[in-house]
Amino acid sequence: MKRKHRRLLAVAIGLGLLGLAAALVLNALSNSGALAFFATPTDLAEKPPSPERRIRLGGLVETGSVKRASDGKSLDFRITDGKSTVPVTYDIANGPVPDLFREGQGVVVEGKLQSGGVFRADTLLAKHDERYMPPEVAEALKRTGHWQGEHPPAGQAKP
Amino acid sequence: MIAELGHFALALALMLALVQSVAPLIGAQRGHPGLMALGGGTAIAQFALVALAFAALAHAYVTSDFSLATVAENSHSTKPLLYKITGVWGNHEGSMVLWVLILTLFGAAVAWFGTALPPDLRARVLSVQGMIGAAFLAFILFTSNPFLRLSPAPPDGQGMNPVLQDIGLAIHPPFLYLGYVGFSVAFAFAVAALIEGRVDAAWARWVRPWTLAAWCALTVGIALGSWWAYYTLGWGGWWYWDPVENASFMPWLVGTALLHSAVVVEKRDALKTWTILLAILTFALSLVGTFLVRSGVLISVHAFAVDPARGAFILVLLAVAIGAPLILYAIRAPGFQGGGIFAPISREGALILNNLLLTVAASTVFFGTLWPLFLDAMGGGKLSVGFPFFNWTFVPLMVPLLLAIPLGPLLGWKRGDLLSAMQRLSVAAGAALVAAIAVAAVASPAHALATAGLALAAWIGAGSLAEWAERVQLLRLPLPTTLARARQLPRSAYGMTLAHLGVAVTVAGIAASAWEQERIEIMHPGESLAIAGYEARLDKVEPVEGPNYTADRATFRVTRDGALVATMRPERRLFTVQRMPTTFTAIHSDLLSDFYLVLGEGDGKGGWTVRIYQKPLVPWIWLGCMAMALGGLVSLSDRRWRVGSAVRSRRAAAAAPGD
C-alpha cells in the first residue's frame, strides 16, 4: 500500500469516527436528560416550561421555608429571587443534602417543573462557601435587583 | 520582609525568564554557542528564584503572617500545621505559584539532564520553556500577586474552606500540576522541532520519557482527585463529568494518544507531524484546563475567585500559546519527511486507531464542557450539560478502543496478521466469556451492560497477560527458557502490560458500581440496619472536639454473620471559624468492596439520618489507575539506557559527514 493510500485511509477512518462522534453528540443532546436550561423563579412564573424539560433553577433558599419530612426522606423548601418563589421538593434518595444548604443561601437545583407548580428536584447543588455564589445565581439576583454586592474583603489592600 | 524577598524573587525570575526566552533562540538561529548556553543557566536560576518565592509564601502561611492578603483570606492561626502548608496552594494566588514552581522545575530538569542534547535543540526547547514561564510569572505579578500586604493586618485570618481541609489537598493538586505542566516539555520539544524543521528518532527518544513522566503524574493526580471527590460528600461521587474534572481529563486523553504515537516515531520514524500536533494539543488542553479552573467561569468548588482581568489575561495567553504554534505547524509540517511504510493492519495501524479514538473521544468531552460557555457568550442562554451526555457519547467511543487493547500489541510492525492475533487471544476470549456467563448467572437482566463491562475487563486483563505469555513462550518452551526470556524482556514491555492490566482493573471497578447498594434510615442509638449481608449497629453519637472544629461523632459496629468487621466513626463537623458544617464519611475498605457510612442530620429527638452504602469493587477504580501510573514508571526506568543509546547514535551520526 502506497503512502498516499495509507494516509487517505487514516483520514477516512478519522472522518468516519468524527461523524460517529457527531451522531452520538446529536443523539445525546436530543435526549432531555442531558441538557438543563438555567431559569430563575421569575422565569418559571412568567413562562412555565413543559414538564418534560429539564431545568436548572437557581436562587436563594427562602428563610423559614425548609421543611424536612418526618421519615427524613424528602426535603421541601422554596427558592426565591426576590420577585417570585417556587416550591421545591427534593427526594434525598438522589443524594445527601449538601452541607452548605442553608436558609438564605444561594442554591441551584436541577429537575422538572410539575404541572401542579411544584418543582421536583433530583440534584441539589450548594458547593460554594459563603464567599462564593454560583455565577448564575448572582446574575439572576442582579437582574431582579436583589444583589447585595460582593462580600467586603478582609481589609483594604495596600497599593 | 521575607514576603518582600519572595516578591522580589518572583520579579527577578520574570526578568530571567524573558532572557531565557529570547537569548537562546537567537543563539540557535545564529549558531552562537554563548547565547545558546545562556538557556541552561537561566533555567536553573529561574527555578531557584521561584522556589525561594514559594518558600517565602509557605513561611508566611506557617507563621500565620496575616499582613499578607492571601494568608489573611485563606488561613487561620488554629489551623493544623499540615493544612497551613497545603493552604499555600488552596487558593488562586498560591496555586499559580505552585504551577510556575513546577514549570521552572521541569525547565531546570531539561537544562540539567539535557546536556547531551544537540545544543541548538536544547537552546530552542529552553527558550520555549522560558516563554511559558515569562507569561505565567507576568500573570502572577500583575493579576494575582500572592505577596500583597494588608494594612492594618487583621488579628486573625478568615480560615480555609473546611472542605479543603483534607489530605486530598496535600497531594491532589501537586500531582495534577506535575502532569499538566510536565506536558510543557513535550510542547517545547514540538515547537523546537517545528523551528528546526526536523524530527528524528532521537527527538522521539527525548520526548517520550518526559511525556511518560507527565502522564504518570497526571494519572495519579486525576485518580487522587476522583478518590477525594468519592469520600467527600456532595461532590457527585468518584466521577461526575464536572467541567473541572473534564479539564484534567482532556489533556490525559490526548496525552495518552501522544504517548502511543511517540512509540511509532521512535520505532518506525513515522507519524512525526501527527505526534508534534498531539504534543501541542496536549499542552494546549492543559492550558485550557488551567483557564477553565482559574478564570472562575465554572460553577465549581475549584473556582476560587471571579476576576475579569485574570480571565482576559488568560484568554490572551491562551490565544498566543495555542495560536502561534499552530500557525508555525501549518507552515512547517508539510515540509517534514514521512517515515516507514506500513499496511493498515499492523502495529502502526493499531496505534493510529488508538490515537483517532482517543482524540475523537476527547473532542466530545471538549464539546460537552465548552459548549455551554460558548452558547452563553453568544447570548444563547444558560444551560448545563449533565453526565448523561458524556455517558452517551464518550462511553460508546471507548468500547472499541478497550476491545482493541489486547489486539494491538500482538500485531507486528509494518504488517500484522489479524487472524493469528485473534487465535492467540482465544484464551482471553474464553476468560471474557466465562466471566460474562458467571456474572450473568447471578446478576439480574437489568445489569446486562455492567455484566458486559466486567467481561470487557476480563478480556483486556487476560489479553494483556496473553501477550506477555506469547512473548516468553509460556508453556511452549521448557520453564527455565521461559524464565530466561521473561528476564530479558525490556522493562518497557512490562510497563505496557502493567498499564493495560490497570485499564482492565479500572474498567472492572467502574462496571461493578452498578451493583452498589444503599440504605437511608433515621436511626437511634442501639438500632441496627442490614445491607448486603452486613449489619451496622449504631452504638452512640457523642460530641467531640477537634483542633478547629466541634463534631458529633457516631460509633457504628459493622458485623457480618455475627463477626466484627469494623468499628466505624463518621462525623458531622462544625468548623468554628466559618460556622460551616461538613460531613466526614467513614469508609471501611477490604479492597474488594467499600462499606461507606454517612452521618446525616439529627432530628432533635435522638434520631439521626444515616446513609449506608456497600460498593463492590470500587477501590479497583483507583487501584487500576495506580497500576497504569506504575506501568508508566516501570517503562520510564527502561528509557534511561535507551536515552543513552540515543545519544550515542546521535553522536555517531554527528561524526558522520552531512545530515
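On a predicted model such as this, the values are computed, not experimentally measured, just so you know.

### Some words on the overall build of chain B
Counting its secondary structure elements, chain B contains 19 helices and 11 strands. Taken over C-alpha atoms, the radius of gyration comes to 27 Å for chain B, in line with the 26 Å a tight globule of 659 residues would show. Seen through its principal axes, chain B has C-alpha atoms that stretch 90 × 75 × 55 Å. Here chain B holds 659 residues, and the buried ones make up 52% of them.

### Here we look at the overall build of chain A
A tally of regular secondary structure across chain A gives 3 helices and 7 strands. Taken from N to C terminus, the helices and strands of chain A fall in the order α-β-α-β-β-β-β-β-β-α. For chain A, long-range pairs separated by at least 24 residues make up 51% of all intrachain contacts whose partners lie at least 6 apart in sequence.

### A closer look at the sheet that holds strand β2 (residues 517–523) of chain B
Residues and elements named next belong to chain B. An order of β2-β11-β10-β9 is seen for the 4 strands of this open sheet, with the pairing classed as antiparallel. Both outer strands of the open sheet, β2 and β9 (586–589), are each paired with one neighbouring strand and no more. On average, each strand axis in the sheet is tilted by 15° relative to the strand beside it, whichever way the strands run. Sheet analysis places strand β10 (residues 593–602) next to strand β11 (residues 608–616), joined by 8 bridges and oriented antiparallel. Directly across from F595, in β11, lies its bridge partner Q614.

### Considerations on the confidence of the model for chain B
All names here are of chain B. Taken residue by residue, chain B gives an average pLDDT of 87. The fraction at 70 or more is 94%. Across chain B, element-level confidence peaks in helix α18 (residues 491–512) with a mean pLDDT of 95 and bottoms out in helix α19 (residues 619–655) with 72. Under a pLDDT of 50 for its full length, residues 299–305 has, in the predicted model, 17 contacts with residues more than four places off or in other chains. Per-residue pLDDT stays below 50 along residues 644–659; that stretch engages in 5 contacts with residues further than four places along the chain or on separate chains. The complex model carries a pTM of 0.89, and its ipTM stands at 0.77.

### What about the packing of helix α5 (residues 92–113) of chain B against helix α7 (residues 167–196) of chain B?
All names here are of chain B. As a packed pair, α5 and α7 sit with axes 9 Å apart at the nearest point and diverge in direction by 45°. In terms of orientation, α5 lies oblique with respect to α7. Note on packing geometry: the crossing formed by α5 with α7 is right-handed. Residues S95, L98, W99, I102, L103, F106 and V110 of α5 touch α7, and the partners they reach there are P173, P174, Y177, L178, V181, G182, S184 and V185. Taken together, the residues that form the contact of α5 with α7 break down as 12 nonpolar, 3 polar and no charged.

### Overview of the interface of chain A and chain B
Across the boundary between the two partners, chain A contributes 40 residues, which contact 52 residues of chain B. Elements with a minimum of two residues in the side of chain A that touches chain B: α1 (3–30), β1 (35–39) and α3 (135–143) of chain A. Sorting elements by how many residues they give to the side of chain A that touches chain B places α1(A) first, with 13 residues. In terms of residue class, the side of chain A that touches chain B is made up of 23 nonpolar, 6 polar and 11 charged. Bridge count for β1(A) against strand β1 (residues 383–385) of chain B is 3 bridges, and the pairing is antiparallel. What sits directly across from A36(A), in β1(B), is S384(B).

### Things to note about the packing of helix α8 (residues 201–231) of chain B against helix α9 (residues 243–268) of chain B
Helices that pack against each other are described as a pair by the angle of their axes relative to one another and the distance between those axes. Residues and elements named next belong to chain B. At their nearest, the axes of α8 and α9 sit 9 Å apart, and the two run at 150° to each other. Relative to α9, the element α8 is oriented roughly antiparallel. Along this stretch, α8 crosses α9, giving a crossing that reads as left-handed. A per-class count over the contact of α8 with α9 returns 15 nonpolar, 7 polar and 3 charged.

### Considerations on the domain arrangement of chain B
Often, the extent of an interface is quoted as the loss of accessible area upon association of its parts. All names here are of chain B. Assigned domains within chain B: domain 1 (1–165), domain 2 (183–334 + 344–409), domain 3 (425–513 + 630–659) and domain 4 (517–617). Each partner contributes to the interface: domain 2 provides 12 residues, whereas domain 3 provides 23 residues. Top element by residues in the side of domain 2 that touches domain 3 is α8. It accounts for 8 residues.

### Focus: the nonpolar core
Residue and element names in this part refer to chain B. Ranked by internal contacts, the top residues of the largest apolar core, which has 207 residues, are A186, F189 and A279. With 19 residues, the single largest contributor to this core is α8. Excluding anything up to four places from it in sequence, A186 contacts V207, W210, T211, L258, A279, T282 and F283. If you look at the next biggest cluster of nonpolar residues, it comprises 19 residues, including L233, V558, L597 and L599.

### Here we look at unusual backbone geometry
Residue and element names in this part refer to chain B. The linkage connecting S151 with the following residue, P152, adopts the cis geometry, with an omega of 0°. With respect to the helices and strands, P152 occurs in the loop between α6 (119–143) and α7. One non-glycine residue, S64, adopts positive backbone phi at about 50°. Tracing the sequence through the fold places S64 in the loop between α2 (33–62) and α3 (69–74). Note on S64: 17 C-beta atoms within 10 Å, which makes it partly exposed.

### Quick look at the pairing of strand β6 (residues 563–568) of chain B
Within a regular strand, side chains alternate between the sheet's two faces. All names here are of chain B. One ladder, built from 5 bridges, connects strand β5 (residues 549–560) with β6; its direction is antiparallel. The residue of β6 that forms the bridge with F556 is M568. The antiparallel hairpin formed by β5 and β6 contains 2 residues in its connecting segment, where D561 sits at a positive phi of about 50°.

### Some points on helix α16 (residues 448–472) of chain B
The α-helix winds at 3.6 residues per turn, so residues separated by three or four positions along the chain end up facing the same way. The end-to-end C-alpha separation of α16(B) is 36 Å, in line with the 36 Å expected for 25 residues at 1.5 Å each. Positive phi shows up at Q473(B), right after α16(B), with a value of about 55°.

### With respect to the pairing of β1(A)
Residue and element names in this part refer to chain A. Counting buried positions over the 5 residues of β1 gives 4, a clear majority of the element. Direction of pairing for β1 relative to strand β2 (residues 55–61): parallel, over a ladder of 3 bridges. Across the sheet, residue F37 finds its bridge partner in β2, namely I55.

### Focus: the environment of V163(B)
Residues and elements named next belong to chain B. Following the sequence through the fold, V163 ends up in the loop between α6 and α7. Given 22 C-beta atoms within 10 Å, V163 falls into the buried group. For the pair formed by V163 and V199, sequence separation is 36 residues and the distance between their alpha carbons is 47 Å.

### Observations regarding the environment of S95(B)
All names here are of chain B. Topologically, S95 is positioned in helix α5. By C-beta crowding, S95 is classed as buried, having 22 other C-beta atoms within 10 Å. Beyond its immediate sequence surroundings of up to four residues, S95 is in contact with W89 and P173.

### Examining the confidence of the model for chain A
All names here are of chain A. Taken residue by residue, chain A gives an average pLDDT of 77. The fraction at 70 or more is 76%. Ranking the helices and strands of chain A by mean pLDDT puts strand β5 (residues 85–91) first, with 92, and α3 last, with 63. For residues 149–159, every residue scores under 50 in pLDDT, and the model assigns this stretch 16 contacts once sequence neighbours within four places are set aside.

### Topic: the environment of L636(B)
All names here are of chain B. With respect to the element layout, L636 can be found in helix α19. Note on L636: 19 C-beta atoms within 10 Å, which makes it partly exposed. Distance from L636 to A213, taken between C-alpha atoms, is 7.3 Å for residues 423 residues apart in sequence. Leaving out residues up to four positions away in the same chain, L636 has contacts with P209, L212 and A213.

What counts, and where the lines are drawn
- Residues numbered from 1 in each chain as written.
- Chains lettered and ligands numbered in written order.
- Predicted model: local features only at pLDDT ≥ 70, side-chain atom pairs only at ≥ 80, totals over all residues.
- Helix = DSSP H or I, 4+ residues; strand = E, 2+ residues; numbered from the N terminus.
- Rg over C-alpha atoms; globule rule 2.2 N^0.38 Å.
- Buried ≥ 20, exposed ≤ 12 C-beta atoms within 10 Å, placed from the backbone.
- Contact = placed C-beta atoms within 7 Å.
- Pairing = 2+ DSSP bridges.
- Axes fitted to C-alpha atoms, helices over the stretch in contact; angles between N-to-C directions.
- pLDDT = per-residue confidence, 0-100.
- Parallel < 35°, antiparallel > 145°, perpendicular 65-115°, else oblique.
- Left-handed = near helix turned anticlockwise from the far one by under 90°.
- Nonpolar A, V, L, I, M, F, W, Y, C, P; charged D, E, K, R; others polar.
- Domains from an automatic or database assignment.
- Core = buried A, V, L, I, M, F, W, Y, C linked by C-beta atoms within 7 Å.
- Expected span 1.5 Å × (residues − 1).

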